[in-house]
Amino acid sequence: METQFEKKAGLSLVLFTLLMIFTMILHPAGGSIEYLLKITPRIITTHSIALLSLPFAMVGFWGLTKKLGSGNYLSFCGFAFSVFALIAVLIAAATNGLVMPIFIHKYQQASAPVMENVKMILKYSFSLNNAFDYVYSVAFSFAILLWSAAIIQ
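All figures in this text were calculated on a predicted structure; none of them were measured in a lab. Position labels on residues start from 1 in each chain and follow its written sequence. Reporting in this predicted model follows two pLDDT cut-offs: at least 70 for local features of residues, and 80 or more for side-chain atom pairs to be given and counted; totals over whole chains, interfaces and linings ignore these cut-offs and use all residues. For side-chain calculations, the full set of non-hydrogen atoms in the structure is used, while hydrogens and water are omitted.

**Side note on the packing of helix α3 (residues 40–68) against helix α4 (residues 73–106)**
Working step 1: Remark: α3 packs on α4, axes separated minimally by 9 Å, with the N-to-C direction vectors making an angle of 170 degrees. By the angle between their directions, the pair α3 and α4 is classed as roughly antiparallel.
Working step 2: Of the residues assigned to the contact of α3 with α4, the class counts are 20 nonpolar, 8 polar and no charged. In this analysis, axes come from line fits to C-alpha atoms, helices being fitted only over the stretch in contact, and the angle between any two N-to-C directions falls in the range 0 to 180 degrees. Helix numbering and strand numbering both begin at the N terminus, where a helix is a DSSP run of H or I of at least 4 residues and a strand a DSSP run of E of at least 2. For classification, angles of less than 35 degrees are called roughly parallel, those exceeding 145 degrees roughly antiparallel, those between 65 and 115 degrees roughly perpendicular, and all remaining angles oblique. In the scheme used here, Gly and all other residues not listed as nonpolar or charged are polar, with Ala, Val, Leu, Ile, Met, Phe, Trp, Tyr, Cys and Pro taken as nonpolar and Asp, Glu, Lys and Arg as charged.

Listed below in C-alpha cells is the structure:
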C-alpha cells in the first residue's frame, strides 16, 4: 500500500510539473488595460490550469515527505514550507489570474478619471502578486533545502 501511494504521489509531481510547464508556455505578459482585456480568456485559462495543478503538487510533496519519513523533523518541515509556498502561489494566481480580469472587465467603458484609479489599483495588485511570488520562491527554496538535509541525514 505504501509503495502504491508513493508511486501515485510521484505521478502527481510529474503531472504538477507538466501542468506548470504548460501554464508557463501559455502565460501572458502584462500590458495596457486594453491588451489585458483582449487576452482575458487566456489569462483566466492559464491561471486556472496553474490553480488546478496545486493539489497535485501537495499530494506529491506529501509522498516525498512520507518517503523521507513523515516522522523526520526536517522532512516534515520541508512539507510545511512547501504547503506555505503553495498557499502563496494560490493567492498570487487567483488574484492575478481571476480577480484582476474580472475587475478590469467591469471598468472597460469607464471614463478617463476612473481609469486612472483603475490603473493605480492594478499597480497595487501587481505589487501584491510579486510579493506572493517572492514568498513562494523563498518558501519553496527552504522546502527543498530541508528535504535535501533530510536526505543527507
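**Description of the environment of V135**
Working step 1: Assignment of secondary structure puts V135 in helix α5 (residues 112–152).
Working step 2: Here V135 falls in the partly exposed class, since its relative accessible area comes to 30%.
Working step 3: For V135 and F84, which are 51 residues apart along the polypeptide, the C-alpha to C-alpha distance reads 8.5 Å.
Working step 4: Any two residues whose heavy atoms approach within 4.5 Å are treated as being in contact. The contact partners of V135, leaving out residues within four places of it in the chain, are F84 and A88. Accessibility here uses a 1.4 Å probe with only protein chains present; expressed as a share of the type maximum, an area under 20% marks a residue as buried, one over 50% as exposed, and anything in between as partly exposed.

**A word on the pattern of salt bridges**
Working step 1: Whenever a carboxyl oxygen of Asp or Glu lies within 4 Å of a side-chain nitrogen of Lys or Arg, that contact is scored as a salt bridge. A complete count under the given rule lists 2 salt bridges for this structure.
Working step 2: Between E6 and K67 there is a salt bridge; the shortest N-O distance is 3.4 Å. In this pair, E6 sits in helix α1 (residues 2–26) while K67 sits in helix α3, placing the two residues 61 residues apart along the sequence.
Working step 3: According to the relative accessible area criterion, E6 is partly exposed, its value standing at 22%.
Working step 4: Taking relative accessible area as the criterion, K67 reaches 58% and is therefore assigned exposed.
Working step 5: The salt bridge involving E116 is made with K119; its shortest N-O contact spans 3.8 Å. Of this pair, E116 and K119 both sit in helix α5, 3 residues apart, which is roughly one turn of that helix.

**Quick notes on the packing of aromatic side chains**
Working step 1: Centres within 6.5 Å make a pair out of two Phe, Tyr or Trp rings, where for Trp the six-membered ring is used; the pair is then stacked when the planes are under 30 degrees apart, edge-to-face when over 60, and tilted otherwise. Considering all chains together, one arrives at 8 aromatic pairs under this definition.
Working step 2: Here F61 and F140 contribute two aromatic rings whose centre-to-centre distance is 5.4 Å and whose plane-to-plane angle is 40 degrees, an arrangement assigned as tilted. Here F61, found in helix α3, pairs with F140, found in helix α5; they are 79 residues apart in sequence, far enough to count as distant.
Working step 3: By relative accessible area, which is 5% here, F61 ends up buried.
Working step 4: Taking the centre distance of 5.4 Å and the plane angle of 35 degrees together, the rings of F81 and F142 count as tilted. Placement of the pair is F81 in helix α4 and F142 in helix α5, with a sequence separation of 61 residues.
Working step 5: Residue classification places F142 among the partly exposed positions, given a relative accessible area of 39%.
Working step 6: Stacked on the ring of F5, the Lys or Arg K66 has its end atom at 5.0 Å from the ring centre. In this scheme, Lys NZ or Arg CZ marks a charge over a ring once it lies within 6 Å of the ring centre and within 35 degrees of the ring normal.

Functional significance is not addressed by these values, which are geometric in nature.
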